[in-house]
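Coordinates in review
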Amino acid sequence: QVQLVESGGGLVQAGGSLRLSCAASGRTFSTYAMGWFRQAPGKESEFVASIIWSRASAQYAESAKDRFTISRDNAKNTVYLQMDSLKPEDTAVYYCAAGPPQPRLGLPTKYDYWGQGTQVTVSS
């Protein structure tokens with residue numbers, strides 16, 4: 001079992017930055033692939049980024065490329081999402097997820113554990 005708790009969300013102006021954190025319980029954190037998804041009001045859940053072992057394995061949605069950076073600190077059982085140059089369309093609840101390393105980590109069905117989410121609001 002893995003429990004995930006997100007933090008770091010909030011209200012920021014367009015062009016600003018936020019860093020989301022996702023703290024995981026359990027001793028096996030380093031064996032999991034981690035992902036970030038988001039869901040805006042009235043919209044379906046959307047893949048943002050994933051990471052397996054290191055930043056070299058990171059994958060991003062087109063909307064996140066060149067603006068967002070996913071990273072992990074296995075010593076702290078934590079995965080991060082650094083978000084820069086934020087836009088109003090980035091407004092959503094952001095969720096982190098954990099699952100076994102495998103292809104197609106952009107699909108939410110690849111993950112076994114989910115956090116409760118943290119709200120990110122970007123004002124124009």
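To be clear, the structure that these remarks concern was listed above.
Residues numbered from 1 in each chain as written. Predicted model: local features only at pLDDT ≥ 70, side-chain atom pairs only at ≥ 80, totals over all residues. Heavy atoms only, no water.

**As for the environment of Val5**
Mapped onto the secondary structure, Val5 falls in strand 1 (residues 4-7). Given a relative accessible area of 53%, Val5 falls into the exposed group. Between the C-alpha atoms of Val5 and Gln116, which are 111 residues apart in sequence, the distance is 6.7 Å. Residues contacting Val5, with those up to four places away along its chain left out, are Ser21, Cys22 and Ala23. (Helix = DSSP H or I, 4+ residues; strand = E, 2+ residues; numbered from the N terminus. Buried < 20%, exposed > 50% of the residue type's maximum accessible area, 1.4 Å probe, protein only. Contact = heavy atoms within 4.5 Å.)

**Let's talk about the packing of aromatic side chains**
Under the counting rule described, the total for this entry stands at 5 aromatic pairs. Ring geometry for Tyr32 versus Tyr113: centroids 6.0 Å apart, planes at 80 degrees, classification edge-to-face. A residue pair is termed long-range when its members are at least 10 positions apart, and Tyr32 in the loop between strand 3 (18-24) and strand 4 (33-39) and Tyr113 in strand 10 (residues 113-114) qualify at 81 residues. Of the two residues, Tyr32 and Tyr113, both sit in the buried class. Note on Phe37 and Trp114: the rings are 5.1 Å apart at their centroids and 55 degrees apart in plane angle, and the pair reads as tilted. In this pair, Phe37 sits in strand 4 while Trp114 sits in strand 10, placing the two residues 77 residues apart along the sequence. Its relative accessible area of 1% is what places Phe37 among the buried residues. Owing to a relative accessible area of 34%, Trp114 belongs among the partly exposed residues under this scheme. The rings of Phe37, Phe47, Tyr111 and Trp114 are connected pair by pair, giving a single aromatic cluster. (Phe/Tyr/Trp six-rings, centres within 6.5 Å; stacked < 30°, edge-to-face > 60°.)

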